[in-house]
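One-letter residues, chain by chain:
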Amino acid sequence: MNTTTSVHTASAPGKVILFGEHAVVYGQPAIAVPVTQVQATVTIAPAPPGSGLTLVAHDLGTRSSLSAAPEDEPLAAAARLALAHLSNPEPDATLTVTSTIPIASGLGSGTAVSTALARALAAFLGRRLDPAQVSALVFEVEKIHHGTPSGVDNTVVAYAQPVYFVRGCPVERLSVRIPFTLLIGDTGTRSSTRQAVERVQRGRQRNPARYDALFDQIGDVVIEARRAIESGDVDALGPLMDDNHELLIELGVSSRKLDDLVEAARFAGALGAKLSGAGRGGNMIALVEDDLVDQVAEALEEAGAARVIATQVTTTD
Ligand code: PMV
């Protein structure tokens, strides 16, 4: 067993899915990028011998001991899986989570917390996890909460790079030829990824041919988007986002509020817009030329966005 006396901190970014959500669960590709403007941070400090691991989430106002926490409590589940992966017994420590990522809104809040937790715990125990190990570990946590996650969220957050993701395939980093700006507009409505995924699953059970055709069309959009991003053809991306949004409406995962924000962004000059993530609430994204950022952000707020974040999509190394 490793023991330590120093404090360790790790952070992980939020994320948005640019293209391919839902269809990615059925084997189609998806493109996702980190959002560094929002972060989850986990700090671990030593505690007196015999005290075990205490989990504190300031934002949620919760404090619990690992040994007493229920099986499916998200923080405890992540900590138990990380300790099992590291073959380390429960340390005497206090683990504190803070996050600026809105919960249940498609920005990867839970994924980022699990990622930061795994890294901080490993560092506290004098170990290091590479992105592939962190991603695999967090995927196990996601399975507890989402049932059948594709793996795109844990991959993009662990690598903290734009990724082209296909379920079960090695991760491919995406090189962004010309950086571009996205506005992320929050509907303010929380959405359950599990329920949205189950909704699509039920639709597919009723009408497999129609849903599989929609997934194929989304896959084609993603492949086209990859080409545009890698070749710097930013103008092609807007219409592809619009196409993807229409296909997501057909899948039944948009909402009135999402459609209103998408429409408002386009009307104010965005090159394209779509919902992002599980849908039914959560966030939408809009591709915006730099000189129109303020104008489109204002239009999103006027249309009822609870929060608007601007982020630049770029390759960082
Ligand atoms: O709620 P989010 O943003 O984490 O969306 C998950 C993306 C889905 O494609 C809907 C599900 C998945 O596991 O890929």
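Residues numbered from 1 in each chain as written. Predicted model: local features only at pLDDT ≥ 70, side-chain atom pairs only at ≥ 80, totals over all residues. Heavy atoms only, no water.

1. Concerning the packing of helix α5 (residues 193–206) against helix α6 (residues 208–231)
When two helices pack together, their arrangement is given by the angle between their axes and by how far apart the axes lie.
Moving on, step 1. Where α5 contacts α6, the axes come no closer than 5 Å and their chain directions differ by 125 degrees. Judged by the angle between their axes, α5 and α6 are oblique. Here Val200, Gly203, Arg204, Gln205 and Arg206 of α5 lie close against α6, whose contacting residues are Pro208, Tyr211, Asp212 and Phe215.
Moving on, step 2. A per-class count over the contact of α5 with α6 returns four nonpolar, two polar and three charged. (Axes fitted to C-alpha atoms, helices over the stretch in contact; angles between N-to-C directions. Helix = DSSP H or I, 4+ residues; strand = E, 2+ residues; numbered from the N terminus. Parallel < 35°, antiparallel > 145°, perpendicular 65-115°, else oblique. Contact = heavy atoms within 4.5 Å. Nonpolar A, V, L, I, M, F, W, Y, C, P; charged D, E, K, R; others polar.)

2. Considerations on the site of the ligand
Moving on, step 1. As a structural note, the neighbourhood of the ligand is formed by 15 residues, with Lys15, His22, Ser150, Asp153 and Thr193 the closest of them.
Moving on, step 2. Thr193 places a polar side-chain atom, nitrogen or oxygen, 2.6 Å from an oxygen atom of the ligand.
Moving on, step 3. Ala278 places a main-chain nitrogen or oxygen 3.3 Å from an oxygen atom of the ligand.
Moving on, step 4. Isolated, the ligand exposes 380 Å² of accessible area, and the fraction of that covered by the protein chains is 94%.
Moving on, step 5. Taking a 2 Å distance to the grid points as the criterion, the majority of the atoms of the ligand fall inside the largest pocket.
Moving on, step 6. For the shell around the ligand, the secondary-structure elements that each account for two or more residues are β1 (8–19), α4 (152–159) and α5.
Moving on, step 7. Partitioning the shell around the ligand into residue classes produces seven nonpolar, five polar and three charged.
Moving on, step 8. Taken domain by domain, the shell around the ligand gets at least three of its residues from each of domain 1 (8–172) and domain 2 (175–313). (Near = heavy atom within 4 Å. Polar contact = N/O pair within 3.5 Å; in protein donor to acceptor, adjacent residues only side chain to side chain. Areas by Shrake-Rupley, 256 points an atom, 1.4 Å probe, with all protein chains shown as cover. 1 Å grid on protein atoms, 1.4 Å probe; cavity = no way out; pocket = protein on both sides within 12 Å on 5 of 7 lines; lining within 4 Å. Sits in = over half its atoms within 2 Å of the grid points. Domains from an automatic or database assignment.)

3. Overview of the pairing of strand β4 (residues 62–65)
Moving on, step 1. The sheet contact formed by strand β3 (residues 53–57) and β4 spans four bridges and is antiparallel. If you follow Leu55 over to β4, its bridge partner there is Ser64. (Pairing = 2+ DSSP bridges.)

4. Observations concerning the domain arrangement of the chain
Moving on, step 1. Domains assigned within the chain are domain 1 (8–172) and domain 2 (175–313).
Moving on, step 2. Spacing between the C-alpha centres of domain 1 and domain 2 amounts to 24 Å.
Moving on, step 3. Listed by partner, the interface residues are 32 residues for domain 1 and 46 residues for domain 2.
Moving on, step 4. Together domain 1 and domain 2 conceal approximately 3,000 Å² of surface at their shared face, both sides included; 64% is due to carbon and sulfur atoms.
Moving on, step 5. Three residues stand out in domain 1 for area buried against domain 2, namely Phe19, His22 and Tyr26, and they jointly supply 25% of the buried area on that side.
Moving on, step 6. The tally of links between domain 1 and domain 2 comes to two salt bridges.
Moving on, step 7. Glu21 is the partner of Lys274 in a salt bridge, and the nearest nitrogen-oxygen pair spans 2.9 Å.
Moving on, step 8. Where domain 1 packs against domain 2, one counts 15 residue pairs in polar contact (both at pLDDT 80 or more). (Buried area = accessible area lost by both parts, 1.4 Å probe. Salt bridge = Lys/Arg side-chain N within 4 Å of Asp/Glu carboxyl O.)

5. Quick notes on the environment of Ala273
Moving on, step 1. Structurally, Ala273 is set in strand β9 (residues 272–276).
Moving on, step 2. In this structure, the C-alpha to C-alpha distance between Ala273 and Pro239, residues 34 residues apart in sequence, is 8.3 Å.
Moving on, step 3. In this structure, Ala273 is in contact with Met241, Asp242, His245, Val262, Ala265, Arg266, Met284, Ile285 and Ala286, ignoring residues within four places of it in sequence.

6. Side note on the packing of aromatic side chains
Aromatic ring pairs: the centre-centre distance and the angle between the two ring planes describe each pair.
Moving on, step 1. The tally for this structure, following the rule as stated, stands at two aromatic pairs.
Moving on, step 2. A ring pair is formed by Tyr26 and Phe215, whose centres lie 4.4 Å apart and whose planes are at 10 degrees; its orientation type is stacked. In this pair, Tyr26 is assigned in the loop between β1 and β2 (30–46) and Phe215 in helix α6, connecting sequence segments 189 residues apart.
Moving on, step 3. Tyr26 gets classed as partly exposed once you look at its relative accessible area, which sits at 26%.
Moving on, step 4. You can call Phe215 buried: its relative accessible area is 2%.
Moving on, step 5. Residues Tyr211 and Phe215 carry aromatic rings whose centres are separated by 6.3 Å and whose planes lie at 70 degrees to one another, so their mutual orientation is edge-to-face. With Tyr211 and Phe215 both in helix α6 and four residues apart, the pair spans about one turn of that helix.
Moving on, step 6. In this structure Tyr211 comes out as buried when scored by relative accessible area, which is 7%.
Moving on, step 7. Among the aromatic residues, ring-to-ring pairing joins Tyr26, Tyr211 and Phe215 into one connected group.
Moving on, step 8. Here Arg226 stacks its cationic end above the ring of Tyr164, 4.1 Å away from the centre of that ring. (Phe/Tyr/Trp six-rings, centres within 6.5 Å; stacked < 30°, edge-to-face > 60°. Buried < 20%, exposed > 50% of the residue type's maximum accessible area, 1.4 Å probe, protein only. Lys NZ or Arg CZ within 6 Å of the ring centre and 35° of its normal.)

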